[in-house]
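Structure at a glance
What follows is the residue order along each chain.
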Amino acid sequence: MSYSVDKSDEQWRAELSAEEFAVLRQAATERPWTGELLDEKRAGLYTCKACGNELFKAGTKFDSGCGWPSFHTAASEDAIAEHRDTSHGD
């Protein structure tokens, strides 16, 4: 996975909404059922708003019923990094 964007928090805050900043820069999660791409059905690619890298192909998206877009396969082997979240228990 390559990530070549180098900006200060001040620069990010000027470019992103408060919620986008929290999600992209502080590992927050947007509220369920609120994302603008939740009901998106067009063909294409989902890309990172920060660096522009391809994350998921539209054909791998599915409705998991959880309120967030879900994908069964990344666009490439190194497109995403997965991290286990144990902040609410194991």
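Residues numbered from 1 in each chain as written. Predicted model: local features only at pLDDT ≥ 70, side-chain atom pairs only at ≥ 80, totals over all residues. Heavy atoms only, no water.

Considering the arrangement of structural elements, one finds Val23 in helix α2 (residues 18-26). Each residue touching Val23, except ones within four places of it in the same chain, is listed here: Ala28, Thr29 and Glu30. (Helix = DSSP H or I, 4+ residues; strand = E, 2+ residues; numbered from the N terminus. Contact = heavy atoms within 4.5 Å.)

Moving on, we come to the pattern of salt bridges. Under the defined criterion, the tally for this structure stands at three salt bridges. Between Lys7 and Glu15 there is a salt bridge, and its shortest N-O distance comes to 2.7 Å. Residue Glu20 pairs with Lys49 through a salt bridge whose shortest N-O separation is 2.8 Å. Here the residue Glu20 occupies a position in helix α2, and Lys49 occupies one in the loop between β1 (45-47) and β2 (54-57), the gap between them amounting to 29 residues. Note on Glu20: relative accessible area 24%, which makes it partly exposed. For Lys49, a relative accessible area of 53% puts it in the exposed group. (Salt bridge = Lys/Arg side-chain N within 4 Å of Asp/Glu carboxyl O. Buried < 20%, exposed > 50% of the residue type's maximum accessible area, 1.4 Å probe, protein only.)

The subject of this paragraph is the layout of surface pockets. Roughly 2,000 Å³ of volume is contained in the largest pocket. Forming the walls of the largest pocket are 40 residues, and the residues nearest its centre are Val23, Leu24, Ala28, Leu55 and Phe56. Of all the secondary-structure elements, those providing two or more residues to the lining of the largest pocket are α2, β1, β2 and β4 (70-71). Looking at which element gives the most residues to the lining of the largest pocket, the answer is α2, with five residues. Grouping the amino acids of the lining of the largest pocket by side-chain chemistry returns 21 nonpolar, nine polar and 10 charged. Of the volumes computed, that of the second largest pocket is approximately 200 Å³. As for the second largest pocket, its lining consists of 14 residues, of which Leu38, Glu40, Lys41, Lys61 and Phe62 are closest to the centre. Residue composition of the lining of the second largest pocket, grouped by class: seven nonpolar, one polar and six charged. (1 Å grid on protein atoms, 1.4 Å probe; cavity = no way out; pocket = protein on both sides within 12 Å on 5 of 7 lines; lining within 4 Å. Points joined across faces, edges and corners; volume = space filled by probe spheres on them. Nonpolar A, V, L, I, M, F, W, Y, C, P; charged D, E, K, R; others polar.)

Moving on, we get to the nonpolar core. Generally speaking, soluble globular proteins have nonpolar side chains that are buried together. Grouped together as the largest cluster of nonpolar side chains are five residues: Trp12, Leu16, Phe21, Cys48 and Ala50. For Leu16, the residues in contact, after removing those within four places along its chain, are Phe21, Leu24, Arg25 and Lys49. (Core = buried A, V, L, I, M, F, W, Y, C linked by side-chain atoms within 4.5 Å.)

Time to look at the pairing of β2. A regular strand places its side chains so that they alternate between the two faces of the sheet. Pairing geometry for β1 and β2, over three bridges, is antiparallel. Within the sheet, the bridge partner assigned to Tyr46 lies in β2 and is Phe56. What sits between β1 and β2 in their antiparallel hairpin is a turn of six residues, with Gly52 showing a positive phi close to 85°. (Pairing = 2+ DSSP bridges.)

This is a description of form; function is not addressed.
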